[in-house]
Amino acid sequence: MRRVRIATLLSAGSSFLANLPVTLASEIDDYSSGVLGIAPTQKYHSSELEPPLFNFLHRREDTASRAAGDEPVLTFMGYRGSDCKQPGPMLFDRDGELVWHGREFGSVLNVQKQWYRGEPVVTFYTGTEQYPGYGNGQWNILNQSYELVGTVVAKGTEQGLDPHDFYLEDDIATVEYWTPVRADLSLIGGPIDGWVFDCRVQAINLTSDELIFSWSALNHVSIEDSFYSIFEGMGTSVENAFDYFHLNSVQRDSNGNFVLGARGTSTVYYVSGGNGEIIWQVGGKNSDFSSGDGAKFAFQHDARLTSTGPTTFNLSLFDNEANQYGSVSSESRGLVLQLDTELAELTLLLEVRPTFHIPAAAEGSMQVTGDTNVVVGWGVLPHFTEYDSDGKLVEDIQFGTEASNVHSYRVLKASWNGRPRTSPSFSFGHLSSSTGFVSWNGDTETAYWQVMEGNFSNSTDTPATKTIRRGFETNLNLSDRVPTSKFVTIAALDSNGVCLGMTEIFSTETLRSVGFPGVCPQTAPKSSNSSSLVELGLLALFLAGMASIRKSRSAWEKFLRSIAGYSEVAGTPEDAFDTDAKELELVIHSSGSEVIPPRY
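Just so it is clear, the model here is predicted, and its values are computed rather than measured. (Residues numbered from 1 in each chain as written. Predicted model: local features only at pLDDT ≥ 70, side-chain atom pairs only at ≥ 80, totals over all residues. Heavy atoms only, no water.)

### What about the environment of Ala344?
Short version of the rule: The way it works is that DSSP assigns letters per residue, a run of H or I at least four long becomes a helix, a run of E at least two long becomes a strand, and they are numbered from the N terminus. Throughout this description, buried means an accessible area under 20% of the type-specific maximum (1.4 Å probe, protein chains only), exposed means over 50%, and partly exposed covers the range between. Contact between two residues is taken to exist if any of their heavy atoms lie within 4.5 Å; hydrogens are not considered.
Mapped onto the secondary structure, Ala344 falls in the loop between strand S24 (333-340) and strand S25 (345-352). When its relative accessible area of 27% is taken as the criterion, Ala344 is described as partly exposed. As a C-alpha pair, Ala344 and Val282 span 62 residues in sequence and 9.7 Å in three-dimensional space. Among all residues touching Ala344, those that are not within four sequence positions of it are Asp288, Phe289 and Ser290.

Structure (structure tokens):
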């Protein structure tokens, strides 16, 4: 039987358990068996967030950590479904540890990194989801501090935007919406005076608030091109308008043209950004290309041009091979295709298949990353997988059981640095001041947690333990702090020791917050087991510059007392400033360590 590593969730029901991490890795037979529930989650002491627990069916082999200054590559998801305890936009690191959870936004679709006015942003849809699979809402733009910096709605209509796709490049947003209109449906078995959804596309300049492009599917694509059947009673009113096109992907390319993917017609259209005419179309009933082996697709999602040449185009897409009514294959696929417009040929360049054999009836994504790997989100199935450029499995992850309805419309990966303006969160262990837990929702730059303590709530400036950050929540051992200190706060330090933020100050007696945060020290605090080489170097230079000046003992002692963190100096002031000496040697003791500056 296959064995996988999962996390055993622990209750904080005793002081013993409170001294352990909230999750411990353990071996069980099968994550999918439902032992942990149909939608297992991670839990924390310092935060009420409860993201999904990942089951690593296949772990990546490359274990090299990122270089200093590099942005971490994160997984972007919109965790959703009625079985979710806390739906919302989420970011995860490569170990499945939560980085950010936008719990306040609730259920969202299409979480991704894009660029807005030269800055990286997170975008996603909020609004309604309605039969037969469209929405009425808006797109949200968040900066690196997870602050809302913009929302996008349709121009010239009260109709809300659809959740299927949103393409943003600096200040140009490409969006879609569906609107019911009158149409003759008699040729496909419907009423003469029926109703159909017309899928429309807009490109909006967000700086000038100007509509720069609009397009209507009904003006360019016949209803007879649809693979959807019209059932009895369908298309008779606004409420049950026939969905013939089902637009689910939009992209504006570098030429100002548009790539539009329609699930209802199983076709990808390349549309002129000038006059809106279809330049070419691939797939479906009226393809401009003959398909090579394995190149045909059906009911696709997430069509994207990954390269554009004068006569060749590379196109990636998620090939569902199924819809809500049935399937044409036993499993979905991720595809990279090449279109040759001179030869009118469609060629399969890359095909990746799931490790399970179930077709995704809806949703899904296929992303070609910057390093030419591909990441596939398996739509309504709670899985995502990464492959290399040859189609070899790199990583395979499950984030819910097959019995659940948890899923993510797309799963994408991108580099990201999060800099929240909130404060880190802290909690003592259960009924104990010797253990603490700290986390910071959205932060990617903290490298260490520095415990600061003191006897007054407004003076927690004495450094104690410094701990390497581990995952979303770090377990802090507070047992070696000064026993008489009455208050603690935790500083978040980056890899250079710069303070990024502070938790609230907590009483070690009541184990509760005093209601206000600590104050970042002006320089990185010196933990009790380390010395500042910068300060030592400055001190040595100062003494060298003063070597020819004789000072009194009282002046010398006053100077030493002004240097924080140094307790003893070997030798008398007279020895140190002897102008007849050929050498200057200073030995400084700090917490038991000895540092000897260079001889002069």
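Once the structure has been displayed, the description carries forward.
### Remarks on the sheet that holds strand S28 (residues 383-387)
Across a sheet, strands are paired by hydrogen bonds formed along the backbone, either parallel or antiparallel in direction. What counts is decided by this rule: A pair of strands is treated as paired once DSSP finds two or more bridges between them. Axis definition: a line fitted to C-alpha atoms, over the contacting stretch in the case of helices. Angles run 0 to 180 degrees between N-to-C directions.
The five strands lie next to each other as S3-S29-S28-S27-S26, forming an open sheet whose pairing is antiparallel. Unpaired on one side and paired on the other, strand S3 (55-58) and strand S26 (365-368) mark the two borders of the sheet. The mean angle between the axes of side-by-side strands here comes to 15°, regardless of whether they run parallel or antiparallel. Here strand S27 (residues 374-377) pairs with S28 via four bridges, running antiparallel. Its bridge partner being in S28, Gly377 is matched across the sheet by Phe384.

### Quick word on the state of the cysteines
Test applied: Note that a disulfide, as used here, is simply two cysteine sulfur atoms within 2.5 Å.
If you walk through the whole model with that rule in mind, you get one disulfide. Covalent S-S linkage joins Cys499 and Cys520, the inter-sulfur distance amounting to 2.0 Å. Negative torsions about the S-S bond denote left-handed disulfides, and the value of about -65° found for Cys499 with Cys520 makes this one left-handed. With Cys499 in strand S37 (residues 499-502) and Cys520 in the loop between strand S39 (513-517) and helix H2 (533-545), the pair connects residues that are 21 residues apart, well separated along the chain. A relative accessible area of 16% means that Cys499 is categorised as buried. We classify Cys520 as partly exposed; its relative accessible area is 30%.

### Side note on the packing of aromatic side chains
Threshold: Between 30 and 60 degrees the pair is tilted, below 30 it is stacked and above 60 it is edge-to-face, where a pair is any two Phe, Tyr or Trp rings, Trp via its six-membered ring, whose centres lie within 6.5 Å.
By the definition in use, this model includes 32 aromatic pairs. For the ring pair Tyr228 and Tyr325, a centre distance of 6.1 Å and an interplane angle of 80° mean the geometry is edge-to-face. Here Tyr325 lies in the loop between strand S22 (322-323) and strand S23 (326-327) and Tyr228 lies in the loop between strand S14 (210-216) and strand S15 (247-252), a separation of 97 residues in the sequence. Under the relative-accessibility criterion, Tyr228 is labelled buried at 8%. With relative accessibility at 44%, the residue Tyr325 sits in the partly exposed group. With centroids separated by 5.4 Å and ring planes inclined at 65°, the aromatic side chains of Phe231 and Tyr325 adopt a geometry described as edge-to-face. With Phe231 in the loop between S14 and S15 and Tyr325 in the loop between S22 and S23, this residue pair connects regions lying 94 residues apart in the sequence. By relative accessible area, which is 42% here, Phe231 ends up partly exposed.

### With respect to the sheet that holds strand S18 (residues 278-283)
One open sheet holds the four strands; their spatial order is S15-S16-S17-S18, and the pairing between them is antiparallel. Bordering the open sheet on either side are S15 and S18, each of which pairs with just one other strand. Each strand of the sheet is rotated relative to its neighbour by a mean of 15°, with strand direction disregarded.

### Things to note about the confidence of the model for the protein
Note the following rule: Within a predicted model, pLDDT stands for the predictor's per-residue confidence, ranging from 0 to 100.
On average, residues of the protein score 84 in pLDDT, and 81% of them are at 70 or above. In this model residues 1-28 is a low-confidence stretch, pLDDT under 50, and it forms 69 contacts with partners more than four residues away in sequence or in other chains. Here residues 524-600 is a poorly scored stretch, pLDDT under 50, and it has 88 contacts once near neighbours within four places are set aside; other chains count.

### Concerning the pairing of S37
Side-chain direction in a regular strand flips from residue to residue, so the side chains alternate between the two faces of the sheet. One ladder, built from three bridges, connects strand S36 (residues 487-493) with S37; its direction is antiparallel. Bridge pairing links Ala492 to Gly501 in S37. In textbook terms, the turn of a hairpin is the stretch between consecutive antiparallel strands, and for S36 and S37 this stretch comprises five residues, one of which, Gly497, has a positive phi near 85°.

### Considerations on empty space enclosed by the protein
This is how it is decided: A pocket, in this scheme, is an open set of points on a 1 Å grid over the protein atoms alone with protein on both sides within 12 Å along at least 5 of 7 lines, while a cavity is a set where a 1.4 Å probe fits but cannot get out; residues line either one if an atom lies within 4 Å of a point. Grid points are joined across faces, edges and corners, and a volume is the space filled by probe spheres set on the points. Ten residue types, Ala, Val, Leu, Ile, Met, Phe, Trp, Tyr, Cys and Pro, are classed as nonpolar, four, Asp, Glu, Lys and Arg, as charged, and the remainder, Gly among them, as polar.
Scanning the entire structure with this criterion turns up five cavities of 30 Å³ or more. Along the walls of the largest cavity sit Tyr131, Pro132, Tyr228, Ser229, Met234, Asn240, Ala241, Phe242, Asp243, Gln324 and Tyr325, which together make up its complete lining. Its residues placed into classes, the lining of the largest cavity shows seven nonpolar, three polar and one charged.

### Here's the deal with the side chain of Ser316
Structurally, the position occupied by Ser316 is in strand S21 (residues 312-319). Ser316 sits in the buried class, given a relative accessible area of 1%. Excluding residues within four positions of it along the chain, Ser316 makes contact with Asp302, Ala303, Arg304, Thr306, Leu335, Val336, Met366 and Val368.

### Thoughts on the nonpolar core
The line we're drawing: Remark: nonpolar core denotes a set of buried residues (Ala, Val, Leu, Ile, Met, Phe, Trp, Tyr, Cys) joined through side-chain atoms within 4.5 Å.
If you look at the biggest cluster of nonpolar residues, it comprises 32 residues, and the most contacted ones within it are Val196, Trp215, Phe242, Tyr244, Phe245, Leu247 and Leu260. Elements represented by at least two residues in this core include exactly strand S12 (172-183), strand S13 (194-205), S14, S15, strand S16 (258-262) and strand S17 (267-271). Once residues within four sequence positions are removed from consideration, Trp215 is found in contact with Cys199, Arg200, Val201, His220, Val221, Phe245, Leu260, Val271 and Gly276.

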